[in-house]
Amino acid sequence: MGQEIPKLDIKKLLKSVVAYKASDLHLVANSEPQIRIDGRLVALNLPKLDGDLIMEMGYTLLAEKQKKDFEEKDELDFAIMIPNIGRFRCNYYKTMGDMACAFRIIPIEVPSLDDLNAKQMFKELVKREKGLILVTGPTGSGKSTTLAAMLNEINLTEKKHIITIEDPVEFVHKNNKSLFSQRNIGTDTSSFSTALKYSLRQDPDVILIGEMRDKETIGAALTAAETGHLVFGTLHTNSSPQTINRIIDVFSGDEQPQIRAQLSTSLVAVISQALLPRIGGGRVAAQEVMVTNPAVANLIREDKIHQLYSQMQLNQQETNMTTQTQELAELLRKQVITKENAIAYSNRPEELIKVISSM
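Below, the structure is looked at part by part. (Residues numbered from 1 in each chain as written. Predicted model: local features only at pLDDT ≥ 70, side-chain atom pairs only at ≥ 80, totals over all residues. Heavy atoms only, no water.)

A word on the nonpolar core
Stage number 1. Core analysis: the largest hydrophobic core is formed by 57 residues, its most contacted members being Leu125, Met150, Phe232, Ile244, Leu263, Leu267 and Met290.
Stage number 2. Here Ile244 is in contact with Leu263, Leu267, Met290, Ile300, Ile305 and Leu308, once residues within four sequence places are set aside.
Stage number 3. Counting residues in hydrophobic clusters, the runner-up holds 31 residues, among them Val17, Ile35, Ile80 and Tyr92. (Core = buried A, V, L, I, M, F, W, Y, C linked by side-chain atoms within 4.5 Å. Buried < 20%, exposed > 50% of the residue type's maximum accessible area, 1.4 Å probe, protein only. Contact = heavy atoms within 4.5 Å.)

With respect to the sheet that holds strand β4 (residues 75–82)
Within a beta sheet, neighbouring strands are joined by backbone hydrogen bonds and run either parallel or antiparallel to one another.
Stage number 1. One open sheet holds the six strands; their spatial order is β3-β2-β1-β6-β5-β4, and the pairing between them is antiparallel. The sheet terminates laterally at β3 (40–43) and β4, the two strands that pair on one side only. With direction set aside, neighbouring strand axes in the sheet form an average angle of 25°.
Stage number 2. Judged from the nine bridges that link them, strand β5 (residues 86–95) and strand β6 (residues 98–106) form a sheet pairing that is antiparallel. Residue pairing across strands places Cys90 opposite Phe103, the latter belonging to β6.
Stage number 3. Each of β1 (24–27), β2 (34–37), β4, β5 and β6 is contacted by helix α1 (residues 10–19), which is oriented at about 145° to β1, the strand it contacts most.
Stage number 4. Contacts between helix α3 (residues 64–73) and the sheet are confined to β4, β5 and β6, with β4 contributing the most and set at about 155° to the helix. (Pairing = 2+ DSSP bridges. Helix = DSSP H or I, 4+ residues; strand = E, 2+ residues; numbered from the N terminus. Axes fitted to C-alpha atoms, helices over the stretch in contact; angles between N-to-C directions.)

Side note on unusual backbone geometry
Stage number 1. Residue Asp167 is joined to Pro168 through a cis peptide bond whose omega torsion reads -5°.
Stage number 2. In this structure, Pro168 sits in the loop between β8 (161–166) and β9 (179–184).
Stage number 3. Phi is positive for Met96, close to 50°, though the residue is something other than glycine.
Stage number 4. By the element assignment, Met96 lies in the loop between β5 and β6.
Stage number 5. If you check the backbone angles, Asn117 has positive phi at about 55° while not being a glycine.
Stage number 6. Structurally, Asn117 can be placed in the loop between β6 and α4 (120–125).

Description of the environment of Asp77
Stage number 1. Among the secondary structure elements, Asp77 is positioned in strand β4.
Stage number 2. Expressed as a C-alpha distance, the spacing of Asp77 and Lys127, which sit 50 residues apart in the sequence, is 32 Å.
Stage number 3. Apart from residues lying up to four places away in sequence, Asp77 is in contact with Cys90, Asn91, Asp167 and Pro168.
Stage number 4. A polar contact of 3.0 Å, which involves the side chain of Asp77, links it to the side chain of Asn91. (Polar contact = N/O pair within 3.5 Å; in protein donor to acceptor, adjacent residues only side chain to side chain.)

Re the side chain of His161
Stage number 1. Take His161: it is sitting in strand β8.
Stage number 2. Note on His161: relative accessible area 13%, which makes it buried.
Stage number 3. At 3.1 Å, the side chain of His161 and the backbone oxygen of Gln202 are in polar contact.
Stage number 4. For His161, the contacting residues outside a window of four places in its chain are Leu179, Ser181, Gln202, Asp203, Pro204, Asp205 and Val206.

Brief notes about the packing of aromatic side chains
Stage number 1. All chains considered together, the criterion is met by three aromatic pairs.
Stage number 2. When the ring of Phe70 is compared with that of Tyr92, the centres are 6.3 Å apart and the planes differ by 90°; the resulting orientation is edge-to-face. Here Tyr92 lies in strand β5 and Phe70 lies in helix α3, a separation of 22 residues in the sequence. Across the pair, Tyr92 and Phe70 agree in class, each one buried.
Stage number 3. Taken together, a centroid distance of 6.0 Å and an interplanar angle of 75° make the contact between Tyr92 and Phe103 edge-to-face. One end of the pair, Tyr92, is in strand β5; the other, Phe103, is in strand β6, with 11 residues separating them in the sequence.
Stage number 4. Put simply, the rings of Phe70, Phe78, Tyr92 and Phe103 touch in pairs and so form one group of aromatic residues.
Stage number 5. Over the face of the ring belonging to Tyr309 we find Arg348, whose NZ or CZ atom lies 3.5 Å from the ring centre. (Phe/Tyr/Trp six-rings, centres within 6.5 Å; stacked < 30°, edge-to-face > 60°. Lys NZ or Arg CZ within 6 Å of the ring centre and 35° of its normal.)

Observations concerning the sheet that holds strand β7 (residues 131–136)
Stage number 1. Strand order in the open sheet made by the seven strands is β9-β8-β10-β11-β7-β12-β13, with mixed pairing throughout. Edge strands, defined here as strands with exactly one partner in the open sheet, are β9 and β13 (283–291). Going across the sheet, the axis of each strand differs from the next one's by a mean of 15°, ignoring polarity.
Stage number 2. Here strand β10 (residues 206–209) runs beside strand β11 (residues 230–235); their pairing, made up of four bridges, is parallel.

Describing helix α2 (residues 51–59)
Stage number 1. The complete set of buried residues in α2 reads Gly51, Ile54, Met57, Gly58 and Tyr59.
Stage number 2. The N-capping residue of α2, defined by a side-chain oxygen 3.1 Å from the backbone nitrogen of Asp52, is Asp50.

Encoded structure:
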């Protein structure tokens, strides 16, 4: 892939991300710059980089405090708006002693649920007054985009105070009907758990937690959801049962019954998603949805997580639940994705293969 760049310049490289409709840019020593298009890495036809050049380019985007932070910790997360180019989430890190950079483009316009062709039930979920809604999936599966669209729906329809706690803030929301307080870890607050603790004194209606990483954050999120707040969070899990297990396993054995009880009453829904290459270009989300009803709540409380998947398959017209296998099969029927990609991205490939063979 060719790209005429007379001199390697970070802003021109980021411009190429926009030009090629890519999602990411990677700068790693001993490799030419690479961009990710529809989930696949593509090398730009440019000279290989060395660590000094990456540092020289990368530092042009940093304030002095950020340079100092990176030199102390060898890691740096931040977001930046570059005029006439776009907004990017950035991560600087070290590899084999050299600096490396990963940039993810963030749309400036916050998408609506309709833009994402999201299920109608998502609009119902965000009307809840309290509870915990989790959007899960691997890195790069579109969790932030789905959450931004859900918050946007609240912003368009309700007068709420929405606090987001992120590392870094990705989508920047404009106040419409709702009022946003968006907080960056590192510059606006020291940690997720600290921000969450103090957020309850900031009169929020809705709280978004960018990542539920540890026991303190998860515990505070459950408490907030129980005490009259609608809480959104993310985890790097691939399915609803795995998500429930991950949350419970963060706590010690004697704490787990209490956490199961809290989850059974406060969990509203788990949306687990994967982004698959779309036939003809672009990507499409396959979303598994588990909604907490009395049967699901009872299974969580009684520590029968292994039975959740079967429960998700029952009375789906009434419950609005769907499994990933069903989602993938439907995308295949509509000829949106290939059979190979459906199987490659599936959490239950054997089950999916059986469904495909009967189609």
